[in-house]
Amino acid sequence: MIFSIFLLTMVFPVVMLPINLIMFVKDKRHPKIYAFLIAFGFAAIAFNFDPSFDQDTDLIRHYVTMHRTQNHTFLTAMQSDAFASLMGYYVLLKIFSFAKMPVLLPTFITLLGYYILVYMVSKLDVYKNSFNRFVTIYLLLASVSFLGFCSGIRQYTVFVIFLLTFYMETQNSKLKPLAFVIYFLLLTLHASLVL
């Protein structure tokens, strides 16, 4: 059953998003699976998002910068103005530049970001009440910008990973040293984490 829902989500992401949301609310036994399916639906939409070059979107700039990183070594990136303080951004773009499909960058970031958000709703849902869960997930998805993940990439990614790390750190104090390493690495992706 889950495999067929996954295939339907891949082929018809817009149609399956509300169905996956309903299943996330109703089926309390498999929150991780439905969180993934919701995130996968958004990622499938991001995979098909194609901004035109006359639009001034961040995604176009990320694609151009990713193309430039193919010729940069780590040392030349450290000396450039674009990556001097953003080595995490350089590493992210370098990894995705090997795939020769720039669209995989916003697809992966959208999948990761929405999965973390929906997963956090399932972890913080103390009452396991369907109505509360529906309202929470609806308000969350309505307030988070799809273009923030799909086009902005860095800032939204930094904040959702920070949210997950902060949650894990508060649940298990032994993870505090690892959390501070992650916070530092996130600063190399986007400086807004300081806020």
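Our structure is the block above this text.
Description of the structure in this document.

1. A closer look at the overall build of the protein
Secondary structure summary: the protein contains 11 helices and zero strands in total. Mapped in sequence order, the helices and strands of the protein form the string α-α-α-α-α-α-α-α-α-α-α. For 195 residues, the compact-globule estimate of 2.2 N^0.38 gives 16 Å, and the protein sits close to it at 18 Å. Overall size of the protein, expressed as C-alpha extent along the three principal axes, is 55 × 40 × 25 Å. Within the span of the protein, comprising 195 residues, buried residues form 43% of the whole.

2. Observations concerning the packing of helix α3 (residues 31-47) against helix α7 (residues 104-124)
Contact geometry for α3 and α7: axes closest at 8 Å, N-to-C directions at 150 degrees. The angle between α3 and α7 falls in the class roughly antiparallel. Judged by the twist between their axes, the crossing of α3 over α7 is right-handed. On the side of α3, the interface is formed by Pro31, Lys32, Ala35, Phe36, Ile38, Ala39, Phe40, Phe42, Ala43, Ala46 and Phe47, while α7 contributes Leu104, Pro106, Thr107, Thr110, Leu111, Tyr114, Tyr115, Val118, Tyr119 and Ser122. Its residues assigned to classes, the contact of α3 with α7 comprises 17 nonpolar, three polar and one charged.

3. Observations regarding the packing of aromatic side chains
By convention here, two paired aromatic rings are described through the distance between centres and the angle between planes. According to the stated counting rule, one finds 14 aromatic pairs in the structure shown. Ring centres 5.8 Å apart and planes at 15 degrees place the aromatic pair Tyr115 and Tyr119 in the stacked group. Separated by four residues within a single helix, Tyr115 and Tyr119 lie in helix α7, roughly one turn from each other. Geometrically, the ring pair formed by Phe162 and Tyr183 is tilted, given 5.2 Å between the ring centres and 45 degrees between the ring planes. Placement of the pair is Phe162 in helix α10 (residues 154-171) and Tyr183 in helix α11 (residues 176-187), with a sequence separation of 21 residues. Residue classification places Phe162 among the partly exposed residues on the basis of a relative accessible area of 30%. Overall, Tyr183 belongs to the buried group, its relative accessible area being 12%. Within the aromatic cluster, the residues linked to one another by ring pairs are Phe42, Tyr114, Phe146, Phe149 and Tyr156. Over the face of the ring belonging to Tyr89 we find Arg154, whose NZ or CZ atom lies 4.7 Å from the ring centre.

4. Some thoughts on the pattern of salt bridges
Under the criterion given, the structure shown has three salt bridges. When the shortest N-O distance is used, the salt bridge between Asp27 and Arg29 registers 3.7 Å. Residue Asp27 is classed as buried on the basis of its relative accessible area of 12%. Note that Asp58 is salt-bridged to Arg61, the shortest N-O span being 2.3 Å. Here the residue Asp58 and the residue Arg61 both occupy positions in helix α4 (residues 58-69), the gap between them amounting to three residues, near one helical turn. Overall, Asp58 belongs to the partly exposed group, its relative accessible area being 33%. Judged by relative accessible area, which is 41%, Arg61 ranks as partly exposed.

5. Points about the side chain of Thr65
Checked against the element boundaries, Thr65 lands in helix α4. In contact with Thr65, other than residues within four places in its own chain, are Phe83, Tyr89 and Leu93.

6. Some thoughts on unusual backbone geometry
Leaving glycine out, the prevailing phi sign among residues is negative, and the prevailing peptide bond configuration is trans. Positioned with a positive phi, Lys100 is a non-glycine residue whose angle comes to about 60 degrees. Among the structural elements, Lys100 can be located in the loop between α6 (87-97) and α7. Residue classification places Lys100 among the exposed residues on the basis of a relative accessible area of 64%. A positive phi angle is found at Ile153, which is not glycine, with a value near 60 degrees.

The rules behind each value
By convention here, each chain's residues receive numbers from 1 onward along its written sequence. Totals for whole chains, interfaces and linings use every residue, but because this is a predicted model, local features are given only for residues with pLDDT of at least 70 and side-chain atom pairs only at 80 or more, for both listing and counting. Only heavy atoms go into the side-chain values, all of them from the structure, while hydrogens and water stay out. A run of DSSP states H or I qualifies as a helix once it reaches four residues; a run of E qualifies as a strand once it reaches two. Both are numbered from the N-terminal end. In this setup the radius of gyration rests on C-alpha atoms only. A globule is expected at 2.2 Å times the number of residues raised to 0.38. When accessible area is computed with a 1.4 Å probe and restricted to protein chains, residues below 20% of their type maximum are described as buried, those above 50% as exposed, and intermediate ones as partly exposed. Fitted lines through C-alpha atoms serve as axes, helices being fitted only where they are in contact, and the angles separating the N-to-C directions of these axes extend from 0 to 180 degrees. In these notes the angle categories are as follows: under 35 degrees is roughly parallel, over 145 is roughly antiparallel, 65 to 115 is roughly perpendicular, and the rest is oblique. Here a crossing is called left-handed whenever its near helix is offset anticlockwise from the far helix by less than a right angle, and right-handed whenever the offset is clockwise. Note on contacts: a residue pair qualifies if any of its non-hydrogen atoms lie within 4.5 Å across the two residues. Put simply, Ala, Val, Leu, Ile, Met, Phe, Trp, Tyr, Cys and Pro go in the nonpolar bin, Asp, Glu, Lys and Arg in the charged bin, and everything else, Gly too, in the polar bin. Between the rings of Phe, Tyr and Trp (Trp by its six-membered ring), a pair exists once the centres lie within 6.5 Å; its type follows the angle of the planes, with under 30 degrees stacked, over 60 edge-to-face, and the other angles tilted. Charges are assigned to positions over rings by a cutoff of 6 Å between ring centre and Lys NZ or Arg CZ, combined with an angular limit of 35 degrees from the ring normal. Salt bridges are defined as contacts in which a side-chain nitrogen from Lys or Arg sits within 4 Å of a carboxyl oxygen from Asp or Glu.

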